[in-house]
Amino acid sequence: MKKNEKKIAIVPGSFDPITYGHIDIAKRAAQCYDKVYFAVMINREKKYLFSIEERVEIAKAALSEFENIEVISSEGMLWELAQKLSANAIVKGYRNNIDLEYENKMAKYNKEHYPNAETVLLKADEKLSYISSTVVREYLSQGKDLSGYLPEAAISVINKLSKKF
């Protein structure tokens, strides 16, 4: 990397919806990089509760306090997005060895296709490692309190959107 080149990272995921665990990874990335793109992605193999537009809206509400984080969406390959944004890094979080093994495979694939971006894997904060989007969706379907899982701003957006369910 050249001396004055901006350090740009992408924090990708499906974020259906964003949780405190995702926010922690984005926050940690924001402390290390000049610009962080929080990329809401589409995985064709997944069924989503929220549309990509809704997931972006929820993420924007949850991350609004971070000046160097921009929430975007992408339907393409991650390495193509990294190339398009001139990213130096792809930052991913992992909770356990299963996540780590999967993320290492994805890192290899992305590096083969776009060698200019290193994948940085951050271990989830132990206090947040029990949180997942799956749990949040389950709690939402049961009408349970979400306050321990995502910030109030994101919960407000979800409550507005969940009227349609």
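You'll find the structure just up there.
What you are looking at is a predicted structure, and each value in this text was computed from that prediction instead of being measured.

A. Region of the structure containing the sheet that holds strand 1 (residues 8–13). A sheet is described by the order of its strands in space; here five strands give the open sequence 3-2-1-4-5, paired in parallel fashion. Taken across any chain shown, the strands that pair with only one partner, and hence form the sheet edges, are strand 3 (69–74) and strand 5 (118–123). Adjacent strand axes in the sheet meet at a mean angle of 30 degrees when their direction is disregarded. Helix 2 (residues 52–63) contacts strand 2 (35–41) and strand 3 of the sheet and is inclined by roughly 170 degrees relative to strand 3.

B. Main features of unusual backbone geometry. The omega torsion across Asp16 and Pro17 is -5 degrees, close enough to zero to call that bond cis. Locating Pro17 in the fold gives a position in the loop between strand 1 and helix 1 (20–32). The phi dihedral of Phe15 falls on the positive side, at around 50 degrees, and the residue is not glycine. In this structure, Phe15 sits in the loop between strand 1 and helix 1.

C. Looking closely at the environment of Asn4. Looking at the element boundaries, Asn4 is found in the segment before strand 1. Residues Asn4 and Tyr94, 90 residues apart in the sequence, show an inter-C-alpha distance of 31 Å.

D. Main features of the pattern of salt bridges. As enumerated under the stated definition, the model contains 12 salt bridges in all. Taking the shortest distance from any N to any O, the salt bridge between Asp16 and Arg137 comes out at 3.8 Å. With Asp16 in the loop between strand 1 and helix 1 and Arg137 in helix 5 (residues 133–141), this pair connects stretches of sequence that are 121 residues apart. In this structure Arg137 comes out as partly exposed when scored by relative accessible area, which is 25%. Residue Lys127 pairs with Asp125 through a salt bridge whose shortest N-O separation is 3.8 Å. Lys127 gets classed as exposed once you look at its relative accessible area, which sits at 64%.

E. Inspection of helix 1 at higher detail. With 13 residues, helix 1 should reach 18 Å at 1.5 Å per residue; the first-to-last C-alpha distance of 19 Å fits that figure. Three or more residues of helix 1 are buried, namely Gly21, Ile23, Asp24, Ile25, Ala26, Ala29 and Ala30. Tucked into the core, helix 1 has its buried residues touching strand 1, strand 2, helix 2, strand 3, strand 4 (89–94) and strand 5.

F. Examining the nonpolar core more closely. Counting residues in hydrophobic clusters, the biggest one holds 39 residues, and the most contacted among them are Ile18, Phe38, Leu63 and Val91. Breaking this core down by element, the ones donating at least two residues are strand 1, helix 1, strand 2, helix 2, strand 3, strand 4, helix 5 and helix 6 (152–162). Tallying contributions element by element places helix 2 first for this core, with seven residues. Once residues within four sequence positions are removed from consideration, Val91 is found in contact with Ala9, Ile10, Val11, Pro12, Ile25, Ala29, Tyr33, Val120 and Leu122.

G. Here's a closer look at the packing of aromatic side chains. Considering all chains together, one arrives at three aromatic pairs under this definition. An angle of 25 degrees between the planes, with centres 4.1 Å apart, marks the rings of Phe15 and Phe38 as stacked. Placement of the pair is Phe15 in the loop between strand 1 and helix 1 and Phe38 in strand 2, with a sequence separation of 23 residues. A relative accessible area of 5% places Phe15 in the buried class.

H. Expanded view of the packing of helix 2 against helix 6. Close contact between helix 2 and helix 6 brings their axes to 7 Å; oriented N to C, the two are set at 150 degrees. It follows from the interaxial angle that helix 2 and helix 6 lie roughly antiparallel. With respect to the hand of their crossing, helix 2 and helix 6 are arranged in right-handed fashion. Along its contact with helix 2, which presents Glu54, Glu57, Ile58, Ala61 and Ala62, the element helix 6 presents Ala153, Ala154, Val157, Ile158, Lys160 and Leu161.

Procedures and definitions
- Residues numbered from 1 in each chain as written.
- Predicted model: local features only at pLDDT ≥ 70, side-chain atom pairs only at ≥ 80, totals over all residues.
- Heavy atoms only, no water.
- Pairing = 2+ DSSP bridges.
- Helix = DSSP H or I, 4+ residues; strand = E, 2+ residues; numbered from the N terminus.
- Axes fitted to C-alpha atoms, helices over the stretch in contact; angles between N-to-C directions.
- Contact = heavy atoms within 4.5 Å.
- Salt bridge = Lys/Arg side-chain N within 4 Å of Asp/Glu carboxyl O.
- Buried < 20%, exposed > 50% of the residue type's maximum accessible area, 1.4 Å probe, protein only.
- Expected span 1.5 Å × (residues − 1).
- Core = buried A, V, L, I, M, F, W, Y, C linked by side-chain atoms within 4.5 Å.
- Phe/Tyr/Trp six-rings, centres within 6.5 Å; stacked < 30°, edge-to-face > 60°.
- Parallel < 35°, antiparallel > 145°, perpendicular 65-115°, else oblique.
- Left-handed = near helix turned anticlockwise from the far one by under 90°.

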